[in-house]
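# Examination of the molecular architecture
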Amino acid sequence: MGYRIAVVGATGNVGREMLNILAEREFPVDEIVALASRRSLGTEVSFGDKTLTTKDLDAFDFTGWDMALFAIGSDATKKYAPIAAKAGCVVIDNSSLYRYEPDIPLIVPECNPDAVEGYSKRNIIANPNCSTAQMVVALKPLHDRAKIKRVVVSTYQSVSGGGKDAMDELWLQTKGMYVPGQEVEANKFTKQIAFNVIPHIDKFMEDGSTKEEWKMVVETKKIVDPSIKVTATCVRVPVFVGHSESINIEFEEFLDEDEARDILREAPGILVVDKREDGGYTTPVECVGDFATFISRIRQDSTIENGLNLWCVSDNLRKGAALNAVQIAELLGRRCLKKG
Ligand SMILES: NC(=O)c1ccc[n+]([C@@H]2O[C@H](COP(=O)([O-])OP(=O)(O)OC[C@H]3O[C@@H](n4cnc5c(N)ncnc54)[C@H](OP(=O)(O)O)[C@@H]3O)[C@@H](O)[C@H]2O)c1
């Protein structure tokens, strides 16, 4: 006996990837339904070699469904997630709505799988922000060995993190540069994204940081260890899929770069590509469609006592969203619901 699964936001970037990954990983599904807004009623989406016809979320009854993987943004989640949870269907949510609530687990299965037991308090589990997810996969095994004191991270985030409209804006604006009369003004982004970089993701906070940067700070503490200090600068770059991060880590104890490389090679979810030669590292285009978080450029930071630098790249629609949600579903099934 398998699970009855709802994918909510099935026409979006993350929802489509959820369907792909559930099929790729042969998740034990008895029945699956694709849900989106009324606008998309009847839209066809792929689930492995099958085609699903999208249904209207507003008219859907979650009674008897085991899990709902949500990817519809905070406002709509606020309305529909409590309805699903109350009907007995466990919500695994990709929005930021529930991440910081103490009675809702925020999970990256490679880092804090035991937190899944807490799902039953609200019948909701939160998925972290894309830039946090890939970073904590790299931090956790190093923290277990040498205890991290402080992290300085700069991100290079692809436009798919902003949804399908953001991808369209990069595509059309880039084309428009070459076709007179087809110029595209900034709309989804605050400035031109084609051939540019923008040091601003999500809204500004009172202290001058952005919400995206704040999320990396707070979520790392909740998932890995509240004692870790994080300072982040989050930047949008004209890449379609794949987030990159330059991460500087200060440890309590000395950690040699070779030992760090060995630890990361053994760690779950990580692929180390680190040769000190031309092309001996990973770039975003190479990580698209992959499950792994890729780590390159591992090297000592000689300006502090116990420091390391590394480069971290992952498919933001996969480890940063859909894959992590499916891994949570697998964990929940294995540890708690026990079907399949
Ligand atoms: N992209 C990433 O890297 C990433 C990473 C982590 C988390 N997330 C989060 O995942 C969520 C989805 O992101 P995305 O990139 O997939 O966005 P997207 O490509 O813009 O897709 C949004 C999806 O939500 C549906 N939707 C919107 N409003 C709805 C409503 N009122 N009722 C029912 N369905 C509604 C849309 O359906 P229609 O087609 O019918 O409009 C569509 O399926 C967001 O919360 C985002 O913050 C994204």
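All of these numbers come straight from a predicted model, not from anything done at the bench. (Residues numbered from 1 in each chain as written. Predicted model: local features only at pLDDT ≥ 70, side-chain atom pairs only at ≥ 80, totals over all residues. Heavy atoms only, no water.)

## Some points on the packing of helix α1 (residues 13-24) against helix α8 (residues 318-337)
Put simply, the rule reads: Helix axes are fitted to C-alpha atoms over the stretch in contact, other axes to C-alpha atoms as well, and angles between N-to-C directions run from 0 to 180 degrees. Strands are runs of DSSP state E lasting at least 2 residues, helices are runs of H or I lasting at least 4, and numbering of each runs from the N terminus. Working definition: roughly parallel below 35 degrees, roughly antiparallel above 145 degrees, roughly perpendicular at 65 to 115 degrees, and oblique for all remaining angles. Crossing handedness: left-handed means the near helix sits turned counterclockwise from the far one by under a right angle, and right-handed means the same turn made clockwise. Contacts between residues were defined by any pair of non-hydrogen atoms, one from each residue, lying within 4.5 Å. Side-chain classes are defined by residue name, with Ala, Val, Leu, Ile, Met, Phe, Trp, Tyr, Cys and Pro counting as nonpolar, Asp, Glu, Lys and Arg as charged, and the others, Gly among them, as polar.
Remark: α1 packs on α8, axes separated minimally by 9 Å, with the N-to-C direction vectors making an angle of 50°. On the basis of their axis angle, the class for α1 and α8 is oblique. In the packing of α1 onto α8, the handedness of the crossing is right-handed. In contact with V14, E17, M18, N20, I21, L22 and E24 of α1, α8 contributes R318, A321, A322, L323, A325 and V326. Residues belonging to the contact of α1 with α8 are distributed by class as follows: 9 nonpolar, 1 polar and 3 charged.

## Concerning the packing of aromatic side chains
Quick reminder of the rule: Side-chain rings of Phe, Tyr and Trp (the six-membered ring for Trp) are treated as a pair once their centres are within 6.5 Å; stacked means planes under 30 degrees apart, edge-to-face means over 60, and tilted covers the remaining angles. Throughout this description, buried means an accessible area under 20% of the type-specific maximum (1.4 Å probe, protein chains only), exposed means over 50%, and partly exposed covers the range between.
Throughout the structure, instances matching the rule amount to 7 aromatic pairs. Ring centres of Y178 and F195 lie 6.4 Å apart, and the angle between their planes is 80°; on these two criteria the pair is classed as edge-to-face. Of this pair, Y178 sits in the loop between α4 (164-176) and α5 (211-223) while F195 sits in the loop between α4 and α5, placing them 17 residues apart in sequence. A relative accessible area of 61% means that Y178 is categorised as exposed. Residue class for F195 comes out exposed when judged on its relative accessible area of 55%. Through a chain of ring-to-ring contacts, the aromatic side chains of F60, F62, W65 and F70 assemble into a single cluster.

## Some thoughts on the site of the ligand
Stated precisely, the cut-off is as follows: Definition of nearness: a residue and a molecule or strand are near each other if at least one heavy atom of the residue lies within 4 Å of the molecule or strand. Here a polar contact is recorded for every N or O atom pair within 3.5 Å, except that within protein the pair must consist of a potential hydrogen donor and a potential acceptor, and residues adjacent in sequence are included only if both atoms are side-chain atoms.
Around the ligand, a shell composed of 26 residues is seen, among which T11, V14, S37, R39 and S40 lie nearest. Contacts to the ligand include R39, whose side-chain N or O atom sits 2.8 Å from an oxygen atom. At the level of secondary structure, the elements contributing two or more residues to the shell around the ligand comprise α1 and α8. Among the residues making up the shell around the ligand, the classes are represented as 10 nonpolar, 14 polar and 2 charged.

## Here we look at helix α2 (residues 74-86)
The condition is simple: To estimate how far a helix should extend, the number of its residues minus one is multiplied by 1.5 Å. What the bend at a residue measures is the angle between two axes, fitted to the seven residues ending there and to the seven starting there.
Helix length check: α2, at 13 residues, gives a terminal C-alpha distance of 18 Å against a target of 18 Å (1.5 Å per residue), a fit within 8%. In the structure, α2 departs most strongly from a straight axis at Y80, where the bend amounts to approximately 35° and where the proline P82 lies between one and four residues downstream. Listing the buried residues of α2 in full gives T77, Y80, A81, A84 and A85. Where the residues of α2 are buried, they touch β6 (67-70), β7 (90-93) and β8 (124-126). One or two steps after α2, the chain reaches G88, where phi turns positive at roughly 95°.

## Comments concerning the sheet that holds strand β1 (residues 3-8)
Applicable threshold: For two strands to be treated as a pair, DSSP must find no fewer than two bridges joining them.
With respect to topology, 6 strands assemble into an open sheet ordered β5-β2-β1-β6-β7-β8, the strand pairing being parallel. Each edge of the open sheet is held by one strand with a lone partner, namely β5 (55-56) and β8. As paired elements, β1 and β6 share 4 bridges and run parallel to each other. Bridging from a neighbouring strand, A6 pairs with A68 of β6. Sheet strands touched by α1: β1, β2 (29-36) and β6. Its angle to β1, the strand with the most contacts, is close to 155°. The strands touched by α8 within the sheet are β1, β6, β7 and β8, with β6 carrying the most contacts at an inclination of about 160°.

## Things to note about the side chain of S158
Structurally, the position occupied by S158 is in the loop between β9 (148-157) and α4. A distance of 3.4 Å separates a polar atom in the side chain of S158 from the backbone oxygen of F240. With sequence-adjacent residues up to four places away left out, S158 is seen in contact with R236, V237, V239, F240, V241, G242, H243 and N316.

## Comments concerning a nonpolar patch on the surface
Selection criterion: Patch rule: a residue counts if its relative accessible area is over 30% and it has no salt bridge; like charges are joined within 9 Å, and nonpolar side chains (Val, Leu, Ile, Met, Phe, Trp, Tyr) within 5 Å. A 1.4 Å probe and the Shrake-Rupley method give the accessible areas. Residues count as covered only by the protein chains that appear here. A pair is scored as a salt bridge if a Lys or Arg side-chain nitrogen falls within 4 Å of a carboxyl oxygen belonging to Asp or Glu.
On the surface, W171, L172, V184 and F240 cluster together into a nonpolar patch covering about 360 Å² of accessible area. Relative to the assigned elements, F240 resides in the loop between β10 (229-236) and β11 (243-251).

## Some details on the pattern of salt bridges
Side-chain pairs of opposite charge can arise where the charged atoms are in close proximity. Taken as a whole, this structure holds 24 salt bridges when the rule is applied. The residue E17 makes a salt bridge to R318 at a minimum N-O spacing of 3.0 Å. Here R318 lies in helix α8 and E17 lies in helix α1, a separation of 301 residues in the sequence. Classification of E17 by relative accessible area gives buried; the value is 15%. A salt bridge links E330 to R25, with the shortest nitrogen-to-oxygen separation between them at 2.8 Å. You can see E330 sitting in helix α8 and its partner R25 sitting in the loop between α1 and β2, a full 305 residues away along the chain.

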